[in-house]
Amino acid sequence: MIWNEKMECISKDDLLDLASQRLKNMVSYLSANCPTYKKNLDQHGLTASDIRNIGDIIKLPFTTKDDMRDSYPFGLFSRPLQDIAEIHVSSGTTGNPTVVGYTKDDIKLWSEVMARALCCAGAEPGDMLQNAYGYGLFTGGLGLHYGALEMGLTVIPVSSGQTKRQLKLMDDFKPRILSCTPSYLLYMAEEAKEMGLDPQESSWQIGVLGAEPWSESMRLEIEQLWNILATDIYGLSEIIGPGVAQECKYKDGLHIFWDVFYPEIIDPESGLPAKEGQSGELVITTLTKQGIPLLRYRTRDIVSINYEKCACGRTSPRISKIKGRTDDMIIVRGINVFPSQIEHVLLGIEGTQPHYQLVVDRKSGELDDLEVLVEVEEKIFSDEIKKLRALEEKIRKEIESVLGILVKVKLVEPKTIERSMGKAKRVIDKRQV
Amino acid sequence: MKLTQISVFLENRKGRLHEVCVLLSENRVNIRALTIAESEDFGILRMVVDRPDSALQALKKNGFSAQLTDVVAIEVDDEPGGLAKILKVLTDKNINIEYMYAFVEKLSDKAVLVFRFEDTDLAVKVLKGSGIKILRKEVEEI
Ligand SMILES: [Zn+2]
């Protein structure tokens, strides 16, 4: 079903009218309520009257992750703290954590978009959801939870981790929907087999998987392992948390809820709009949020966008799966390397599960070294050295042909690469630059 | 008669072999023969043990990649040309040897050669046809 047909199937003209009105209101609201934005708009010589329609959005300055950190903790809030109902925090690897605040209306908005997302994935009122995203400061757990309540699901708020208990609850309660990170679902398959459970026979029919980038080949592996429809959900805490965009059963891009989260695609270098259909950095403006609304927030996620109506009936544009991160990307010998490229190669080589890690190092005065650690799963193990060496060679050659740089491949024992319950740690950068 | 060999993937890290041996002894598995083939950064430990199934189970449970393989064990006569005779038979019949290693049988004090063939069944047939004595499964239970 479509949760909010009026908004999800809106005509493009009506949407642009609505978005224009909302953007004007938002700029006035920020000028009146957020001193940080007021100052920023003043510096650019902008007032609400400069925004006549949504096309004028490109006049507005960007908001970046650094802006959020610099305004730690509450500098970008547009409401006094007594109006804030809930606060979430995400920690970064450097500097201050990112803090976001939700008013009661923002929580309603979050519930609404998450209800849309769950329906988009194929959930029906009355279904049971096993929510294996972490509850707490991370937005994943509560976001799914609010949406599930809104649309009438039975939620099992099991949170992340405790895999044996997850699997037991699945086996006993028979939930039809599962939400967690894709890498955790892969991990659970190993654990299930060890417990003597057949992943093929699981009660989960639909996975709402996100919070980390994953590839089409990883989807294929998950779907085959678990006999499940694996859908991608997109979100980030700065915008709302999960519920910014979600795949429908056609899995041909993620429907972005553009009546409230207005998307643009830009060239990350120049900041100018990307050509229609081309990949670039996703930039989102929250059109209705109150607690901490953001203008033109740079997500650092590289995607493309498709404005054609979807076979499911929704008119909301679809963003591609994340093709890379402007900051997760590592540059090795001047070449952009995305972990997803390595993952793709490994899955293409028969039987290799994507348990890998990239290690970049630079010895003084030398070129960067890229080493790819690959776990030797039982199904690719051989008692013959020459076969393992041939596998190592094959992986190395394929990665080299994809990246265009020399790499080293090292086979390692199973389960020696750190498994993460949340986000996968795919890159270790040891370079002292 | 074929023999069951167990092989284990090992990184070249200090103490890994010791860990395997401790694990097997804890599971009351006796190692009859052992050899390590090494590459630059990994190795394959190959063993003939008294209870290969228990060994495999214990290793898997502890996160090792391990597998059972059929190998052929031949006792070599303690006389000049003992090994050459066997190799000649195999060469004449175009039997490919992937690898081999030796150990000494306790009771007879004779050398036992363990062969991993590309085609084990064919190799067994050829060896038998040439009157070469292949050790029986009981080697595992010496
Ligand atoms: Zn659709």
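As the structure is a computational prediction, the values presented were derived from the model and not from experiment. (Residues numbered from 1 in each chain as written. Chains lettered and ligands numbered in written order. Predicted model: local features only at pLDDT ≥ 70, side-chain atom pairs only at ≥ 80, totals over all residues. Heavy atoms only, no water.)

Student: Tell me about the overall build of chain A, and please be specific about residues and values.
Tutor: When helices and strands are counted, chain A shows eleven helices and 21 strands. Of all 433 residues assigned to chain A, the portion counted as buried reaches 57%. For chain A, restricting intrachain contacts to residue pairs at least 6 apart in sequence, the fraction spanning at least 24 positions comes to 66%. (Helix = DSSP H or I, 4+ residues; strand = E, 2+ residues; numbered from the N terminus. Buried < 20%, exposed > 50% of the residue type's maximum accessible area, 1.4 Å probe, protein only. Contact = heavy atoms within 4.5 Å.)

Student: Could you give me a rundown of the packing of aromatic side chains, with the residues and numbers involved?
Tutor: Residues and elements named next belong to chain A. Scanning the entire structure with this criterion turns up ten aromatic pairs over all chains. Residues Trp204 and Trp226 carry aromatic rings whose centres are separated by 5.2 Å and whose planes lie at 50° to one another, so their mutual orientation is tilted. Of the two residues, Trp204 sits in the loop between helix 8 (182-194) and strand 6 (206-210) while Trp226 sits in helix 9 (residues 216-226), which places them 22 residues apart along the sequence. For the pair Trp204 and Trp226, one class covers both residues: buried. Through a chain of ring-to-ring contacts, the aromatic side chains of Tyr102, Trp110 and Tyr146 assemble into a single cluster. (Phe/Tyr/Trp six-rings, centres within 6.5 Å; stacked < 30°, edge-to-face > 60°.)

Student: Account for the coordination of the zinc ion, naming residues and giving values.
Tutor: Residue and element names in this part refer to chain A. Protein-derived coordination of the zinc ion comes from Cys248 (SG), His255 (NE2), Cys310 (SG) and Cys312 (SG), at a distance range of 2.1 to 2.3 Å. With four donor atoms in place around the zinc ion and angles of 103 to 116° between them, the coordination shape is tetrahedral. Along the chain, the residues donating to the zinc ion fall in the pattern C-x6-H-x54-C-x1-C. Note that Cys248 is positioned in the loop between strand 8 (241-247) and strand 9 (254-256) and Cys312 in the loop between strand 13 (305-306) and strand 14 (318-319), a separation of 64 residues in sequence. (Donors = N, O, S within 2.8 Å, 3.2 Å for Na, K, Ca; no water. Tetrahedral: all angles 85-135°; square planar, octahedral: opposite > 155°, others 65-115°.)

Student: Before we move on, can you summarise a negative patch on the surface with the specific residues and values?
Tutor: Residue and element names in this part refer to chain B. On the surface, a cluster of negative charge is contributed by Asp77, Asp78, Glu79 and Asp109. Tracing the chain through its elements places Asp109 in the loop between strand 5 (97-104) and strand 6 (111-117). Judged by relative accessible area, Asp109 falls into the exposed class, the value being 62%. (Patch = residues over 30% accessible without salt bridge, like charges linked within 9 Å, V, L, I, M, F, W, Y side chains within 5 Å. Areas by Shrake-Rupley, 256 points an atom, 1.4 Å probe, with all protein chains shown as cover. Salt bridge = Lys/Arg side-chain N within 4 Å of Asp/Glu carboxyl O. Lys, Arg positive; Asp, Glu negative; His and termini not counted. Charge placed at Lys NZ, Arg CZ, Asp CG, Glu CD.)

Student: Residues and numbers for the pairing of strand 8 of chain A, please.
Tutor: Residues and elements named next belong to chain A. The buried fraction of strand 8 is high, at seven of seven residues. Where strand 7 (residues 229-236) meets strand 8, four bridges bridge the pair, whose relative direction is antiparallel. Paired with Tyr234 across the two strands is Ala245, which belongs to strand 8. If you look at the hairpin formed by strand 7 and strand 8, you'll find four residues sitting between the two strands. (Pairing = 2+ DSSP bridges.)

Student: Explain the interface of chain A and chain B residue by residue, including any values.
Tutor: In many reports, interface size means the accessible area that the parts give up when they come together. Counting from both sides, the interface comprises 19 residues of chain A and, opposite them, 26 residues of chain B. Between chain A and chain B lies a buried interface of about 1900 Å² when both sides are counted; carbon and sulfur atoms form 50% of it. Per-residue buried area on chain A facing chain B is highest for Phe381, Asp383 and Glu413 of chain A; these three make up 38% of the total on that side. At the junction of chain A with chain B, the criterion picks out six salt bridges. Here Glu413 of chain A ties to Arg16 of chain B by a salt bridge, and the two come within 2.2 Å at their closest N and O atoms. For the pair chain A and chain B, the interface holds twelve residue pairs in polar contact (both at pLDDT 80 or more). For the side of chain A that touches chain B, the elements supplying multiple residues, two or more each, are helix 11 (385-403) and strand 20 (408-412) of chain A. Sorting elements by how many residues they give to the side of chain A that touches chain B places helix 11 of chain A first, with five residues. (Buried area = accessible area lost by both parts, 1.4 Å probe. Polar contact = N/O pair within 3.5 Å; in protein donor to acceptor, adjacent residues only side chain to side chain.)

Student: Give me the lowdown on the layout of surface pockets, citing residues and values where you can.
Tutor: The volume enclosed by the second largest pocket comes to roughly 620 Å³. The wall of the second largest pocket is formed by 20 residues, among which Glu194, Glu377, Glu378 and Lys415 of chain A together with Lys60 of chain B lie closest to the centre. Of all the secondary-structure elements, those providing two or more residues to the lining of the second largest pocket are helix 8 of chain A together with helix 2 (52-61) of chain B. Of the residues forming the lining of the second largest pocket, the biggest block, five residues, is contributed by helix 2 of chain B. Its residues assigned to classes, the lining of the second largest pocket comprises five nonpolar, four polar and eleven charged. (1 Å grid on protein atoms, 1.4 Å probe; cavity = no way out; pocket = protein on both sides within 12 Å on 5 of 7 lines; lining within 4 Å. Points joined across faces, edges and corners; volume = space filled by probe spheres on them. Nonpolar A, V, L, I, M, F, W, Y, C, P; charged D, E, K, R; others polar.)

Student: Any details on the side chain of Glu238 of chain A? Residues and values, ideally.
Tutor: Mapped onto the fold, Glu238 of chain A is located in the loop between strand 7 and strand 8. Of the polar contacts made by the side chain of Glu238 of chain A, one reaches the side chain of Ser237 of chain A; its length is 3.4 Å.

Student: Lay out the packing of helix 2 (residues 12-33) of chain A against helix 3 (residues 35-43) of chain A in plain terms, naming residues and giving numbers.
Tutor: All names here are of chain A. Between helix 2 and helix 3, whose axes approach to 6 Å, the crossing angle comes to 110°. With respect to helix 3, the axis of helix 2 lies roughly perpendicular. Helix-helix and strand crossings are classified by hand; for helix 2 and helix 3 the assignment is left-handed. On the side of helix 2, the interface is formed by Val27, Leu30, Ser31 and Asn33, while helix 3 contributes Pro35, Tyr37, Lys38 and Leu41. Across the contact of helix 2 with helix 3, the residue classes break down as five nonpolar, two polar and one charged. (Axes fitted to C-alpha atoms, helices over the stretch in contact; angles between N-to-C directions. Parallel < 35°, antiparallel > 145°, perpendicular 65-115°, else oblique. Left-handed = near helix turned anticlockwise from the far one by under 90°.)

Student: If you had to explain the pattern of salt bridges to someone new, which residues and values would you point to?
Tutor: Applying the stated rule across the entire model yields 40 salt bridges over all chains. Taking the shortest distance from any N to any O, the salt bridge between Asp259 of chain A and Arg116 of chain A comes out at 2.9 Å. Taken together, the positions of Asp259 of chain A in the loop between strand 9 and strand 10 (261-266) and Arg116 of chain A in helix 5 (residues 104-121) put the pair 143 residues apart, joining distant regions of the chain. Taken individually, Asp259 of chain A and Arg116 of chain A each receive the classification buried, so the pair is uniform in this respect. Among the charged side chains, a network of salt bridges with common partners joins Glu413 of chain A together with Glu11, Arg13, Arg16 and Glu19 of chain B.

Student: Before we move on, could you go through empty space enclosed by the protein and cite the residues and values that matter?
Tutor: Counted under the stated rule, the structure contains two cavities of 30 Å³ or more. The space that makes up the second largest cavity amounts to roughly 40 Å³. Its residues assigned to classes, the lining of the second largest cavity shows eight nonpolar, one polar and no charged.

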